[in-house]
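Single-letter residue listing:
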Amino acid sequence: MKRSEQTRSRAGKVLGIAFLLAGFLIAATVCAADPAGPSQIPNIFKPDSTPADSIFRLSKLVLVITSIIFVVVFSLIAYATAKFRKSDADDGSEPPQVYGSNQVELAWTVIPGLIVLVLFLATARVILSVQDAPKPPGAIEVIAVGHQYWWEYRYPELGVVTANELHVPVSDLQHPTPTFITLLSADTDHSFWVPRLAGKTDLIPNHPNHTWIDPHEAGLFLGQCAQYCGVQHAKMLLRVYVDSAADFDAWVQGQKRFAATNDAAAEGRRIFESTACINCHAVSGTVADGHFGPDLTHLMSRDTLAAGAALNTRENLRAWIQSPDSIKPGSLMPAMKLSDHDLDALTAYLETLR
Amino acid sequence: MASEIIAINEFAGGGQSVGEWLHGWVTTVDHKRLGILYILFSVFFLVIGGIEATIMRIQLMVPHNHFVSPEVFNRMFTMHGTTMIFFVAMPVLFGFGTYLIPLMIGARDMAFPRLNALSFWLTAFGGLLLYFSFIGGNGLYGAGNAPDVGWFAYAPLTSRAFSVGHSTDFWTLALLISGIGSIGTAVNFITTIITMRCPGMTLGKMPLLAWMNLVTAGMVILAVSPLTAAQIMLCFDRYLGAHFFDTQAGGSAVLWMHFFWIFGHPEVYILILPSFAFASEIIPVFSRKPIFGYPIMVAATVMIGFISMSVWAHHMFAIGMSSYGNTFFTITSMLISIPTGIKIFNWIGTMWGGKIQFKAPMLFCVAFLFQFLIAGLTGIMLAASPFNWQLTGSYFVVAHFHYVIVGAILFTLFGAFYYWYPKMTGRMYNETLARWHFWLFVIGFHLTFDFMHIPGLLGMPRRIYTYEPGRGWEFWNLLVTIGTFVQGIAVLIFVGNLLWSMFKGPVAGNDPWDAWTLEWSTTSPPPDYNFATIPVVESRRPLWDLKHPEDPDWKYE
Ligand SMILES: [Cu+2]
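Only a predicted model underlies this, so the values are computations on that prediction, with no experimental measurement involved.

## What about the overall build of chain B?
Across its full length, chain B carries 17 helices and zero strands. Its C-alpha atoms give chain B a radius of gyration of 23 Å, within 12% of the compact-globule value 24 Å for 557 residues. Judged by the C-alpha coordinates and their principal axes, chain B covers about 70 × 55 × 40 Å. Across the 557 residues that make up chain B, the buried fraction comes to 68%. Here the contacts in chain B between residues at least 6 apart in sequence split such that 80% fall between residues at least 24 apart. A total accessible area of about 17,100 Å² is found for chain B, and carbon and sulfur atoms account for 73% of it.

Here you go:
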């Protein structure tokens, strides 16, 4: 009985150790296997912008120190449990009764104290460098407003208003063009989190916040709202398009134009302008100037609909207008109950908004 | 034989009618019965909270799953969190405290037996009220039923603009009521420990369990009061036209966060200190040595109590505090790791040179040591505020605090269940089943919570009812869900073992573990009056002195 108990516990301990180590190893491989460069995986250990990079460097230090502590203390516990197990041949006497030792206590108070000091100083440096970074003259300014469950983006200096897909220029070291983002909320709390670009910052009503990013390479960076904001918190996705300087300028020029007019879509436009759509949506240069929902002036310049919930295809657009709940149950856009004919015409009109 | 009869009387009500038996339990002011009521109540809610967790895990097993709607999912995580914290963890720890403190300090009952009963019933009815929301929460046609605002219920989601119907009111009232119960329990613990210790038991000779519960009780008063105040303010906002947290009328969402976390962070320590208390009683007995560094353990406990009052905003690193605020809460949060680390070292010191017996209570405590180490280290990562900007609100933080709550608190609790089960019921549990429970739970726990860290590192936020494929999250979520089921099976074995052993377990006797504190000097289960004559103690281990008159402890303390 005793013997089998002992082997069983030992086997168990080995199992436990194996489990833990496997966990850490797998974590490390996942992070390493994820290819560098633009990737759909929003891995915090693949930074592509200064704030995320500073955090990554700090996290490496923290991980190294905590791993060392882990190995040391883990070994102590493992050793104690293995070494001081009651032996089979035990005579039943009690072991020597030890009540404590001041020297030892002092050691395991002071050493952790020193470790904390080092960690704290390293951390404080990063806090200041990320949070209190000065804004260089070339910086792009964006106001991001969180709405239940979509993102509004305004570029006050550039005169652009758009939604859900944030475009920013690449920032290279010679000509830094970071993007400084003011974070506001129109309703509940949200959080702006694009892991490869920066840590998260909340959008809180009556409490303007700030964050900044300076992506080093072009590409699409994904993230999503990280503060529970209501039913569709899960589909409040973030898409940051990092463009080369030329592409960014072209995008800005495109966004500044009034909405395209196209006679072929006149019927759809009439339907749009004579239903409640215009109370919630704006299309520049038309009577539509609602602000409860996303600006639709250049809807077709976006890859996705409804904060990344669906690809921006004809079928999805039609399905969305017919029944937003079919794509994003609980979203705040009502189903407009249009006839099939009107739906087709309306969809055709929206498709001209390039 | 005598203890067997008492055991049957306690639980099965032998010789009484059902009505008498029920009346006895409902009107009881006996700390032992109330302790058991607390514990049973918590186990019941543990199963419910576990079912809610399982529903969430099934939904998240694969991306774009349609097992439940977003509305139901949001209710599940709100109810799971609220239930597990307020109606499982707190009451079960209070239950053990209520049962054990008088016995361990050589008293016949708590200082205020009626307050004790009132506290329990307030907590119990708070829990029932929370669940009544499933029926009564609608209030309005089309409004949701159970609360869906998350367990920390950030403003302004709780305002009437965003939370129509009455679900939030049920949440508020449930916490308000059970909060008053908790404060009552805390007052009772403090008074009992300060005034009712048996002759000879100075504060310095008190079992560590009593010390840790004393500090916990102080923290409960300091931490639960602001939460209770905030709940009243929220009621004012919702019904009396106040605007504390109503951002649409100029109120402050951040104010709620401060109120909540000034409760919420000490709360973590309110839960972990009693769990430390179990470890501090169990590890010495199964290592056959006194606790290493008793005065340092007490000092570290008090330190934790103090520092834990100054770390709350580390839950708020992403809300845009100033760099000074973030720096301050980084240092306080890191500092608290020092007294916590001291405790781990002292437990290792206790095992060092001992003769360790790996019975179920000890197995759970050793696993606790390993897991709490990891939980502490991920805690240091989270305390480094820039790192926290990435980790907070993600599955990493969910994994971290489950490592604390399950890996540390629940593990020691299981240890405590097995350790004091013979005392409470008079019968021994089944060791083989307990080992099955242990190993399955260890495997399930690690499958779930080790791998849960990874999607967090890969950008998966918490509280999402579904997620996009292609972000590297699928595999990990699948593993996490599988682990949940393994844990579920383990818990069923646990509950089965407790039930089976109550009737079929061998009679335990007064002192099955050859232990040293006073509860083992009386019968199992103890009589109504606990001790026929009030004991007199000379050291921290009165039964050691009794068993080893040639080498008593008081010579060395
Ligand atoms: Cu959101």
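## Re empty space enclosed by the protein
Residues and elements named next belong to chain B. All told, the structure shown has seven cavities of 30 Å³ or more when counted by the stated rule. Estimates place the volume of the second largest cavity at around 200 Å³. In terms of lining, the second largest cavity is formed by 18 residues, of which the most central are Glu 281, Pro 284, Ile 291, Arg 540 and Arg 541. Its residues assigned to classes, the lining of the second largest cavity shows 11 nonpolar, two polar and five charged.

## Brief notes about the pairing of strand E9 (residues 219-224) of chain A
All names here are of chain A. For E9, the buried fraction is high: five of the six residues fall into the buried class. Where E9 and strand E10 (residues 237-243) come together, six bridges link them in antiparallel fashion. Paired with Gly 219 across the two strands is Val 242, which belongs to E10.

## Here's the deal with the pattern of salt bridges
Where side chains of opposite charge bring their charged atoms close, a pairing between them can arise. All names here are of chain B. Applying the stated criterion across every chain yields a total of 18 salt bridges over all chains. Asp 511 is the partner of Lys 547 in a salt bridge, and the nearest nitrogen-oxygen pair spans 2.6 Å. Of this pair, Lys 547 sits in helix H17 (residues 542-547) while Asp 511 sits in the loop between helix H16 (474-504) and H17, and the two are 36 residues apart along the sequence. We note a salt bridge from Lys 547 to Asp 514, for which the minimum N-O separation is 2.8 Å. With Lys 547 in helix H17 and Asp 514 in the loop between H16 and H17, this residue pair connects regions lying 33 residues apart in the sequence.

## Concerning the sheet that holds E10 of chain A
Residue and element names in this part refer to chain A. Taking strand neighbours across the sheet as the criterion, the three strands line up as E4-E10-E9 in an open arrangement whose pairing is mixed. Each edge of the sheet is formed by a strand with only one pairing partner; in this case those strands are strand E4 (165-169) and E9. The sheet shows a mean angle of 25° between the axes of neighbouring strands, direction not considered.

## Some remarks on the domain arrangement of chain A
All names here are of chain A. Looking at chain A, the domain boundaries give domain 1 (140-255) and domain 2 (263-350). A separation of 23 Å is found between the C-alpha centroids of domain 1 and domain 2. The interface of domain 1 with domain 2 comprises 19 residues on the first partner and 20 residues on the second. Note on domain 1 versus domain 2: buried area summed over both sides is about 1,700 Å², and carbon and sulfur give 50% of it. Three residues stand out in domain 1 for area buried against domain 2, namely Trp 150, Glu 165 and Lys 235, and they jointly supply 27% of the buried area on that side. Our enumeration of links across domain 1 and domain 2 arrives at zero salt bridges. At the surface where domain 1 touches domain 2, the tally comes to 13 residue pairs in polar contact (both at pLDDT 80 or more). A breakdown of the residues in the side of domain 1 that touches domain 2 according to their chemical character gives eight nonpolar, seven polar and four charged.

What counts, and at which threshold
Residues numbered from 1 in each chain as written. Chains lettered and ligands numbered in written order. Predicted model: local features only at pLDDT ≥ 70, side-chain atom pairs only at ≥ 80, totals over all residues. Heavy atoms only, no water. Helix = DSSP H or I, 4+ residues; strand = E, 2+ residues; numbered from the N terminus. Rg over C-alpha atoms; globule rule 2.2 N^0.38 Å. Buried < 20%, exposed > 50% of the residue type's maximum accessible area, 1.4 Å probe, protein only. Contact = heavy atoms within 4.5 Å. Areas by Shrake-Rupley, 256 points an atom, 1.4 Å probe, with all protein chains shown as cover. 1 Å grid on protein atoms, 1.4 Å probe; cavity = no way out; pocket = protein on both sides within 12 Å on 5 of 7 lines; lining within 4 Å. Points joined across faces, edges and corners; volume = space filled by probe spheres on them. Nonpolar A, V, L, I, M, F, W, Y, C, P; charged D, E, K, R; others polar. Pairing = 2+ DSSP bridges. Salt bridge = Lys/Arg side-chain N within 4 Å of Asp/Glu carboxyl O. Axes fitted to C-alpha atoms, helices over the stretch in contact; angles between N-to-C directions. Domains from an automatic or database assignment. Buried area = accessible area lost by both parts, 1.4 Å probe. Polar contact = N/O pair within 3.5 Å; in protein donor to acceptor, adjacent residues only side chain to side chain.

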